[in-house]
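# Breakdown of the fold
Each chain, letter by letter, is given below.
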Amino acid sequence: MSTLVEIQNVTKVYRRDTLEIPVLQNISLNVPEGEFLALMGPSGSGKTTLLNLISGIDKPTSGSIIVAGTDIAKLSESALAKWRSHHIGFVFQFYNLMPVLTAYENVELPLLLTNLSKKEKKERVAMVLKVVGLEDRMDHYPKQLSGGQQQRVAIARAIVSDPTVIIGDEPTGDLDRKSAEEILILLSRLNSEFKKTIIMVTHDPHAAESAHKIQHLDKGELNAN
Amino acid sequence: MKVLKLIYKNLLRHKLRSMLTIFGIAIAVLAFGLLRTVVTAWSYGVDAASADRLITRHAVAFIFPLPYSYKSQLEGIAGVKTVSFASWFQGIYKDQSFENFFPRIAVDPLTIFEVYPEYIISTDQLTTFQQQRNSCVVGKKLAEQHSFKIGDIIPITGDIYPGNWEFTVVGIYSGKDKTADETQMFFNWEYLNERNRQTNSWATDQVGWYVLQVDNPNAAAMVSETIDALYINSPAKTKTETEKAFQQGFVSLSGAIITSMEIVSYVIIGIILMVLANTIIMAARERIREYAVLKTLGFTSSHVVGLIAGESLFISMLGGAVGLALTFPVCKGFGDAFPTMFPVFAVQPMTIVLSIGFSLLVGVIASIFPAYRSANMKIVDGLRQIG
């Protein structure tokens, strides 16, 4: 399998006034296409920061991050936004759905940035809602859905534009065991059936077991298992 | 279109807050429109003044009369087409209440409608007015306000000119357009002069001011100078000016009040700007995490700016539209309630333009700070916000 994500000597330092806080130190990591990678580590280890850098919502202090052949650290803000819309599907811990939009409208959001026709958008949204098993809840608002269902809508939103990588930041962290299990099964299906590359941050060893590979981060440094 | 839908749905998120803000803007625009209309109504006489009319009055002050004998001399001045004259009568109709006040003016019935062609009266009524000594004509608005009809007798108790006076309504004039004052009562100056001869000899053969129609408005300055030079050495020196300047003189007496009203109208706009800015800042702060999510999905800072500015503009323009729509009936009601104070009380096109312009401006300005902040927010910082 070819390398999809190539991280080389990445360092991230946050600055708070005059204080410098190193979060990631000289990280190098390759993620092959079709991989399901779990990133684990204690709080403050830099997992989410690494995920943010891979997904292009933050920039490294030094080093390069090449995703699908593009060094995203060198892209401008607007180019990065466009790049994210094509390549990244993000699943958050707290779902982050728009409360004023229905499940259908939430899933449709990333497609508003595409040139797809109305009919194509409708078909795509209906298809991914069917994949996550919520085709009968498309007119429901987030507050009318359970946590597990909201996370499934969020996953549908993440995959609707057929991104290169699905990024999950503790996607089961806010769910009960049963809902978490359903989400993990769904992510595994996306990886095995739809060949999606998934990088997921989790605290939960059980959740991490769904992945093909687990990487441990500790104090900003990577320890491979 | 979907962004518009999102703007619309965001507006409905806090219905009461959105409604109160829209209502607040509507009230502010209404207040602005009403105050502007009062200001413009105040100076309507200046705007409605004719370029070919001059007013000749006593040089010392308007309250001092001029001799009637000046009339024939003025008629002989080159460039003067018609000479008319008038005297402020005042008096009390029924009581001294505001609603029973209206201008009562003694005029020359032979020339008044010639120099004021914007007042339309039928030939029959004019003929009667010219022939019947104690007759009067009233404006259409005044007639409607007091239910005056042809044949009615209007009793007036004199104050400047003491005694009980009775005037028979023989005509009702109407304005050629909306700017013409339809709230006045004109009666025959001869009737006043006749009574003065008997009881108020000090006022006999005196007129308040002359109204001159000139052949060429461009020569008005020259004609004015000629007239005033003619009486420079007489006991009753004159001051001749264009009707516009004459009206402006009246308006300037209330200059401080008008300026205050204008300032207040702009202060209202400033206050509502703060209210809307507060609403939009609150809304943007509450949704900072959502904007971060949208950016994560690939939406740009411009999209976020569009959402915030769009919502701000939607609120301000909707409030402005409601306020403007209310301005018309409210101004009409206000004008109807004070017909003699504001003979012409209409919302001017400039007031409409300013109301729309300020609504737009308020919407834009209110969104600048929250839009700038949200657009420049780092996604990771936005995602950390507690939603």
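Since the model is a prediction, treat every value here as computed from it, not as a measurement. (Residues numbered from 1 in each chain as written. Chains lettered and ligands numbered in written order. Predicted model: local features only at pLDDT ≥ 70, side-chain atom pairs only at ≥ 80, totals over all residues. Heavy atoms only, no water.)

### Description of the overall build of chain A
Rule in force here: A run of H or I in DSSP becomes a helix once it reaches four residues, and a run of E becomes a strand once it reaches two; helices and strands are each numbered from the N terminus. In this treatment the radius of gyration is a C-alpha quantity, and the globule benchmark scales as 2.2 Å times the residue count to the 0.38 power. Here the term buried applies to any residue with accessible area under 20% of the maximum for its type, exposed to any over 50%, and partly exposed to those in between, with areas from a 1.4 Å probe on protein chains only. The criterion used for residue contact is that any of the two residues' heavy atoms lie within 4.5 Å. Computed with a 1.4 Å probe, the accessible areas rest on the Shrake-Rupley method; for each residue, only the protein chains presented here act as cover. Residues scored as charged are limited to Lys and Arg (positive) and Asp and Glu (negative), so that His and the chain ends carry no count. For charged residues, the charge sits on one atom: NZ in Lys, CZ in Arg, CG in Asp, CD in Glu.
In terms of regular secondary structure, chain A is built from 7 helices and 10 strands. Since a compact globule built from 225 residues should have a radius of gyration of about 17 Å, the 17 Å found for chain A is in line with a globular shape. If you line up chain A on its principal axes, its C-alpha atoms span 50 × 40 × 40 Å. The buried share of chain A, taken over its 225 residues, is 54%. Once local pairs closer than 6 in sequence are excluded, the contacts in chain A between residues at least 24 apart make up 70%. Of the accessible surface of chain A, which amounts to about 10,100 Å², a share of 49% is contributed by carbon and sulfur atoms. Positive and negative charge centroids in chain A, built from 25 and 27 side chains respectively, lie 4 Å apart.

### Notes on the confidence of the model for chain B
Heads up, the rule is: Scored from 0 to 100, pLDDT reflects the predictor's confidence in each residue.
Averaged over chain B, the pLDDT score is 91; the fraction of residues at 70 or greater is 98%. Scored as a whole, the predicted complex attains pTM 0.73, and scored at its interfaces, ipTM 0.92.

### Concerning the interface of chain B and chain A
We count it as follows: Buried area adds together the accessible area that both of two parts lose upon being put together, with accessible area traced by a 1.4 Å probe. The rule for a salt bridge is simple: a side-chain nitrogen of Lys or Arg has to be within 4 Å of a carboxyl oxygen of Asp or Glu. For the purposes of these results, a polar contact is taken to be a pair of N or O atoms within 3.5 Å, where, inside protein, one atom must be able to donate a hydrogen and its partner to accept one; residues adjacent in sequence count only when each atom of the pair is a side-chain atom. Residues were grouped as follows: Ala, Val, Leu, Ile, Met, Phe, Trp, Tyr, Cys and Pro as nonpolar; Asp, Glu, Lys and Arg as charged; and all remaining residues, including Gly, as polar.
The partner chain A presents 24 residues to the 21 residues of chain B that form the contact. Of the roughly 2,100 Å² buried at the junction of chain B and chain A (both faces included), carbon and sulfur atoms supply 68%. For the chain B face of the interface with chain A, the top three residues by lost area are Lys9(B), Thr296(B) and Leu297(B), together amounting to 27%. Connecting chain B to chain A are 2 salt bridges. The interface formed by chain B and chain A holds 7 residue pairs in polar contact (both at pLDDT 80 or more) in total. Elements with a contribution of two residues or more to the side of chain B that touches chain A: helix H1 (2-11), helix H12 (288-297) and helix H15 (379-384) of chain B. The residue makeup of the side of chain B that touches chain A, split by class, is 8 nonpolar, 5 polar and 8 charged.

### Comments concerning the pattern of salt bridges
Within this structure, the stated rule accounts for 23 salt bridges over all chains. Note that Glu241(B) is salt-bridged to Lys239(B), the shortest N-O span being 3.9 Å. Glu241(B) sits in the buried class, given a relative accessible area of 12%. A salt bridge links Arg287(B) to Glu311(B); the shortest N-O distance between them is 2.5 Å. On the criterion of sequence distance, the pair formed by Arg287(B) in the loop between helix H11 (255-286) and H12 and Glu311(B) in helix H13 (residues 301-337) is long-range, its members being 24 residues apart. The class for Glu311(B) is buried, based on a relative accessible area of 5%. Several salt bridges converge on common partners, so that one network encompasses Glu105(A), Lys5(B) and Lys9(B).

### Some points on the layout of surface pockets
Here is the rule: Think of a 1 Å grid over the protein atoms and nothing else: a 1.4 Å probe that fits but is trapped marks a cavity, an open set flanked by protein within 12 Å on at least five of seven lines marks a pocket, and residues with an atom within 4 Å of a point count as lining. Grid points are joined across faces, edges and corners, and a volume is the space filled by probe spheres set on the points.
As a volume, the largest pocket reaches approximately 1,300 Å³. If you trace the largest pocket, you find 44 residues lining it, with Tyr44(B), Asp181(B), Gln184(B), Gln247(B) and Phe250(B) closest to the centre. For the lining of the largest pocket, the elements supplying multiple residues, two or more each, are helix H2 (15-42), helix H3 (44-48), strand S1 (53-58), strand S3 (80-88), strand S4 (104-107), strand S11 (209-214) and helix H10 (243-253) of chain B. Looking at side-chain class alone, the lining of the largest pocket contains 29 nonpolar, 8 polar and 7 charged residues. Counted as a void, the second largest pocket has a volume near 580 Å³. Lining the second largest pocket are 23 residues, with Thr48(A), Asn52(A), Gln93(A), Asp169(A) and Arg384(B) sitting closest to its centre. Residue assignment for the lining of the second largest pocket shows that the elements contributing at least two residues are helix H1 (47-54) of chain A together with H15 of chain B. Examining the composition of the lining of the second largest pocket, we find that 4 residues originate from one element, H1(A), more than from any other. Split into classes, the residues belonging to the lining of the second largest pocket amount to 8 nonpolar, 10 polar and 5 charged.

### Observations regarding the sheet that holds strand S5 (residues 70-71) of chain A
Residue and element names in this part refer to chain A. Quick note on the threshold: One requirement defines pairing of two strands: DSSP has to find at least two bridges between them. To get an axis, a line is fitted to the C-alpha atoms, and for a helix only the part in contact is used. The angle between two axes follows their N-to-C directions and goes from 0 to 180 degrees.
Strand order across the open sheet formed by 4 strands is S2-S1-S4-S5, with antiparallel pairing between neighbours. Because the sheet does not close on itself, it has two edges, and the strands there are strand S2 (19-32) and S5. Taken strand by strand, H1 contacts strand S1 (3-16), S2 and strand S4 (62-67), and its axis lies near 120 degrees from that of S1.

### What about the pairing of S1(B)?
All names here are of chain B. Of all 6 residues making up S1, 6 are buried, and the element is well covered by its neighbours. Looking at chain direction, S1 and strand S12 (residues 238-242) are connected through 5 bridges and run antiparallel. The residue of S12 that forms the bridge with Thr56 is Thr240.

### Side note on the packing of aromatic side chains
All names here are of chain B. Stated precisely, the cut-off is as follows: Centre distance within 6.5 Å is the pairing criterion for rings of Phe, Tyr and Trp, where only the six-membered ring of Trp is used; planes under 30 degrees apart are then read as stacked, over 60 as edge-to-face, and the remainder as tilted. Whether a charge lies above a ring is judged from NZ of Lys or CZ of Arg, which has to be within 6 Å of the ring centre and within 35 degrees of the ring normal.
Per the stated rule, a full pass over the model turns up 31 aromatic pairs over all chains. For the pair Tyr70 and Tyr231, a centre-to-centre distance of 3.8 Å together with 15 degrees between the ring planes defines the contact as stacked. Taken as a pair, Tyr70 in helix H4 (residues 70-75) and Tyr231 in the loop between helix H9 (220-230) and S12 lie far apart in primary sequence, 161 residues in all. For the pair Tyr70 and Tyr231, a shared accessibility class is recorded, and that class is buried. Connected via pairs of aromatic rings, a cluster forms that spans Phe89, Tyr161, Trp165, Phe167, Phe187, Tyr191 and Trp202. Above the ring of Phe102, the side-chain terminus of Arg104 is found at 4.2 Å from the ring centroid. Against the face of Trp165 rests Arg195, its NZ or CZ located 4.0 Å from the ring centre.

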